[in-house]
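# Results of the structural survey
The chain contents come next:
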Amino acid sequence: MSIIENHTTNGQAFSEAPKLQARNVDVFYGDKQAIYDVSFDIGANEVIALIGPSGCGKSTFLRCLNRMNDTIDICRIEGDILLDEENIYDPKVDVVPLRARVGMVFQKPNPFPKSIYDNIAYGPRIHGLAQSRVELDEIVERSLQRAGLWNEVKDRLHSPGTGLSGGQQQRLCIARTIAVDPEVILMDEPCSALDPIATAKIEELIDELRENYTIAIVTHSMQQAARVSQRTAYFHMGQLIEVNPTDQVFTTPEHSLTEAYITGRFG
Amino acid sequence: MDMNFNQHISGQFNADLEAIRNHMMGMGGLVERQVSAAIEAICGGDTSGADDIIRREDEVDNMEVTIDHECTQILVRRQPAASDLRMVLAVSRVVRDLERIGDEACKIAIHTLEVADASNSQICQQSLRYMGAEVVKMIAGALDAFARADVEGAIEVVRNDKLVDKQYAAALRELITYMMEDPRSISQAINILWILRALERIGDHARNISEQVIYLVSGTDVRHTPLAEMEEQAQKDDSGNA
Ligand SMILES: Nc1ncnc2c1ncn2[C@@H]1O[C@H](COP(=O)(O)OP(=O)(O)OP(=O)(O)O)[C@@H](O)[C@H]1O
Ligand SMILES: [Mg+2]
């Protein structure tokens, strides 16, 4: 199978209130192209699910949204990505505050080898978000509350974050992301290492976070995409095939490739 | 595209979907025969068939339960999406209508036995014959359209339902005339009335089945959509695909 010539993304790729806009984005690793001419919007306060077969470029694309790909030497990006209409690849943009505005939660929970408290306080400290110890305490408590972890850890804030269960660690990482008050949260398969109960808690959390944040989540679970997102974007071999409201994608997808993937028909 | 999208990665999933479809068709075949036999009994006057119909009613009910269970299993185990989801939902709705058609065939058989005991069983024979033939054609047409995912065929069934409704109204007028002219025919006429009513309901169920064909193919729920709008939509879909 190869790239579809002259493809334009099917469905409703653009949003009336875009938070992030991707325009004609190409991504290369060395001379190998991983993303082909991707254009779509991520709307403010929406949860968008990015789905597609392994290797189709979901993580690559997600990492473009907060310039995480900059850390990969051979990775090169063309096209524009706008956050609130400003190009994040503009040379003037400083990536440190950018990554505070566009936070990321990874597949495997990766708490720092520090106390629960310090895991959360780390970001606010380096970004200078707290003027005093009291303020920092407040940020830590608020972030843990929002991540639904406060009650479980409030009596052991100074024990190591790595001593928590997998699901708790993932919520700790979400709390850490929230602590720097981001506008967008990117999640790359945040539940793939979690059991159904921990997964349900994270999904519940995603639903609550949507009030205040814009969320893009990469997932291999069709059910998860259907449960948490308002729109779903289907990637295939580096191309964005279709973006549509999630209920439509899972009942009447527009593109035959989307249909084939979500019904499990790829051999 | 050099891929085969007809088959799932999971062979068992293919087999499960194939099975509910086949079982539904099998049930459809049985129900169609029940209705044909009921019409044969009322028009042909051979009441021995009526007893068989009543006896086979259980078989129809069991099929509904079995197929519904199979659909539930697919939902639970496979979490089907898109056309697979629509197939499972459509099958589960269709078997409900088939079961109701079975019930109506049974009612016809029961009333046929009552009519046979009375004299003067000739009233409304033409309407019975006409409506009977029409609804059998509709059931067959709806199932056929399902098997072939044929939207035009499904719409044809919906059109025929309109004709059956008209014929039903005409037959009612005829019955009323009988009853007014000869009060002794009233109990007889009421039996016939129930049979006509059952045929009209069978037409409605065949229409429901056809609506599921449209849902299966295009994802549009046309359960409360007027015929003209359905035809328009089908034309649009058609030119969209061309
Ligand atoms: N650091 C890298 N160096 C070179 N090639 C890479 C690198 N990261 C990804 N790729 C390639 O880019 C393509 C897209 O990979 P990516 O990880 O974005 O896919 P994905 O959709 O996230 O897959 P998965 O679902 O398996 O996580 C693949 O062909 C992959 O081999
Ligand atoms: Mg990935």
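Placed above this text is the structure.
Just so you know, these numbers come straight off a predicted model, no measurement behind them.

## Remarks on the site of ligand 1
Residues and elements named next belong to chain A.
- Ser54, Gly55, Lys58, Ser59 and Thr60 are the nearest of the 16 residues found near ligand 1.
- Within the contact set of ligand 1, an oxygen atom lies 2.7 Å away from a side-chain nitrogen or oxygen of Ser59.
- Between His220 and ligand 1, the recorded distance is 2.8 Å, taken from a side-chain N or O atom to an oxygen atom.
- Protein contacts shield 66% of the accessible area of ligand 1, which totals 630 Å² for the unbound molecule.

## Notes on the sheet that holds strand S9 (residues 214–218) of chain A
Residue and element names in this part refer to chain A.
- Strand order across the open sheet formed by 7 strands is S1-S11-S10-S4-S9-S8-S7, with mixed pairing between neighbours. Single-partner strands in this sheet number two, and they are strand S1 (10–11) and strand S7 (102–105).
- Where S7 lies against strand S8 (residues 184–188), 4 bridges are found, and the strand directions are parallel. Bridging across to S8, Val105 finds its partner in Met187.
- Those strands touched by helix H6 (residues 166–179) are S7 and S8, and its axis lies near 170 degrees from that of S7.

## Some points on the interface of chain A and chain B
- At the junction of the two partners, chain A supplies 16 residues and chain B supplies 19 residues.
- Buried surface at the junction of chain A and chain B, summed over both partners, amounts to about 1,400 Å²; 59% is from carbon and sulfur atoms.
- Summed over the shared surface of chain A and chain B, the result is 1 salt bridge.
- A salt bridge links Asp84(B) to Arg265(A), with the shortest nitrogen-to-oxygen separation between them at 2.9 Å.

## Side note on the pattern of salt bridges
- Here the structure, examined in full by the defined rule, presents 29 salt bridges over all chains.
- Connected through salt bridges with shared partners, the residues Lys19(A), Asp84(A), Arg101(A) and Glu183(A) form a single ionic network.

## Digging into unusual backbone geometry
- Phi is positive for Asp181(A), which is not a glycine, with a value near 55 degrees.
- The backbone of Ala82(B) sits at a positive phi, close to 50 degrees, despite the residue not being glycine.
- Looking at where Ala82(B) falls in the secondary structure, it is placed in helix H3 (residues 82–117).

## Structural notes on the nonpolar core
- Judged by nonpolar contacts, the single largest core of 67 residues is most densely connected at Val35(B), Val91(B), Leu98(B), Phe146(B), Leu196(B) and Leu199(B).
- Those elements giving two or more residues to this core turn out to be helix H1 (11–44), helix H2 (48–78), H3, helix H4 (125–148), helix H5 (151–181), helix H6 (186–218) and helix H7 (227–241) of chain B.
- In this structure, Leu196(B) is in contact with Cys124(B), Ser127(B), Leu128(B), Met131(B), Tyr168(B), Ala171(B) and Leu175(B), ignoring residues within four places of it in sequence.
- In this structure, Ala49(A), Ala179(A), Met222(A) and Ala82(B) belong to the second largest nonpolar core, which totals 49 residues.

## Overview of a nonpolar patch on the surface
- A cluster of nonpolar side chains, namely Ile186(B), Ile190(B) and Trp194(B), defines an oily patch on the protein surface of about 260 Å² accessible area.
- Topologically, Ile190(B) is positioned in helix H6.

## Section: the environment of Gly28(B)
Residue and element names in this part refer to chain B.
- Relative to the elements of secondary structure, Gly28 occurs in helix H1.
- In this structure the C-alpha to C-alpha distance between Gly28 and Ala133, which are 105 residues apart in sequence, comes to 16 Å.
- Not counting chain neighbours up to four residues away, the residues in contact with Gly28 comprise Leu98 and Leu143.

## Some thoughts on the packing of aromatic side chains
- Within the structure shown, the criterion is met by 5 aromatic pairs over all chains.
- Aromatic side chains Phe61(A) and Phe235(A) sit 5.5 Å apart centroid to centroid with 40 degrees between the ring planes, which places their arrangement in the tilted category. Within this pair, whereas Phe61(A) is found in helix H1 (residues 58–64), its partner Phe235(A) is found in strand S10 (residues 231–236), the two being separated by 174 residues in sequence.
- In this structure Phe61(A) comes out as buried when scored by relative accessible area, which is 0%.
- Three or more aromatic residues link up through ring pairs in this structure, and these residues are Phe40(A), Phe61(A) and Phe235(A).
- Across from the ring centre of Phe112(A), 4.1 Å away, lies the NZ or CZ of Arg176(A), which sits over that ring.
- Over the aromatic face of Tyr215(B) sits the side chain of Arg93(B), whose NZ or CZ is 4.9 Å from the ring centroid.

## Structural notes on the layout of surface pockets
- A volume near 740 Å³ is recorded for the largest pocket.
- Along its surface, the largest pocket is lined by 28 residues, and Glu259(A), Arg265(A), Ser83(B), Asp84(B) and Arg86(B) are the ones closest to its centre.
- Contributing elements (two or more residues each) for the lining of the largest pocket: helix H10 (256–262) of chain A together with H1, H3, H4 and H6 of chain B.
- Of the residues that constitute the lining of the largest pocket, the class distribution is 10 nonpolar, 10 polar and 8 charged.

## A look at the sheet that holds strand S5 (residues 75–83) of chain A
Residue and element names in this part refer to chain A.
- Read from one edge of the open sheet, 4 strands run S3-S2-S5-S6, paired in antiparallel fashion. One side of each edge strand has no neighbouring strand; the edge strands of this open sheet are strand S3 (32–43) and strand S6 (86–87).
- Direction of pairing for strand S2 (residues 18–29) relative to S3: antiparallel, over a ladder of 8 bridges. Paired with Val25 across the bridge in S3 is Val38.

## Let's talk about the side chain of Arg176(A)
- Here Arg176(A) lies in helix H6.
- Here Arg176(A) is in contact with Asn110(A), Pro111(A), Phe112(A), Asn119(A) and Ile120(A), once residues within four sequence places are set aside.

Conventions we followed
- Residues numbered from 1 in each chain as written.
- Chains lettered and ligands numbered in written order.
- Predicted model: local features only at pLDDT ≥ 70, side-chain atom pairs only at ≥ 80, totals over all residues.
- Heavy atoms only, no water.
- Near = heavy atom within 4 Å.
- Polar contact = N/O pair within 3.5 Å; in protein donor to acceptor, adjacent residues only side chain to side chain.
- Areas by Shrake-Rupley, 256 points an atom, 1.4 Å probe, with all protein chains shown as cover.
- Pairing = 2+ DSSP bridges.
- Helix = DSSP H or I, 4+ residues; strand = E, 2+ residues; numbered from the N terminus.
- Contact = heavy atoms within 4.5 Å.
- Axes fitted to C-alpha atoms, helices over the stretch in contact; angles between N-to-C directions.
- Buried area = accessible area lost by both parts, 1.4 Å probe.
- Salt bridge = Lys/Arg side-chain N within 4 Å of Asp/Glu carboxyl O.
- Core = buried A, V, L, I, M, F, W, Y, C linked by side-chain atoms within 4.5 Å.
- Buried < 20%, exposed > 50% of the residue type's maximum accessible area, 1.4 Å probe, protein only.
- Patch = residues over 30% accessible without salt bridge, like charges linked within 9 Å, V, L, I, M, F, W, Y side chains within 5 Å.
- Phe/Tyr/Trp six-rings, centres within 6.5 Å; stacked < 30°, edge-to-face > 60°.
- Lys NZ or Arg CZ within 6 Å of the ring centre and 35° of its normal.
- 1 Å grid on protein atoms, 1.4 Å probe; cavity = no way out; pocket = protein on both sides within 12 Å on 5 of 7 lines; lining within 4 Å.
- Points joined across faces, edges and corners; volume = space filled by probe spheres on them.
- Nonpolar A, V, L, I, M, F, W, Y, C, P; charged D, E, K, R; others polar.

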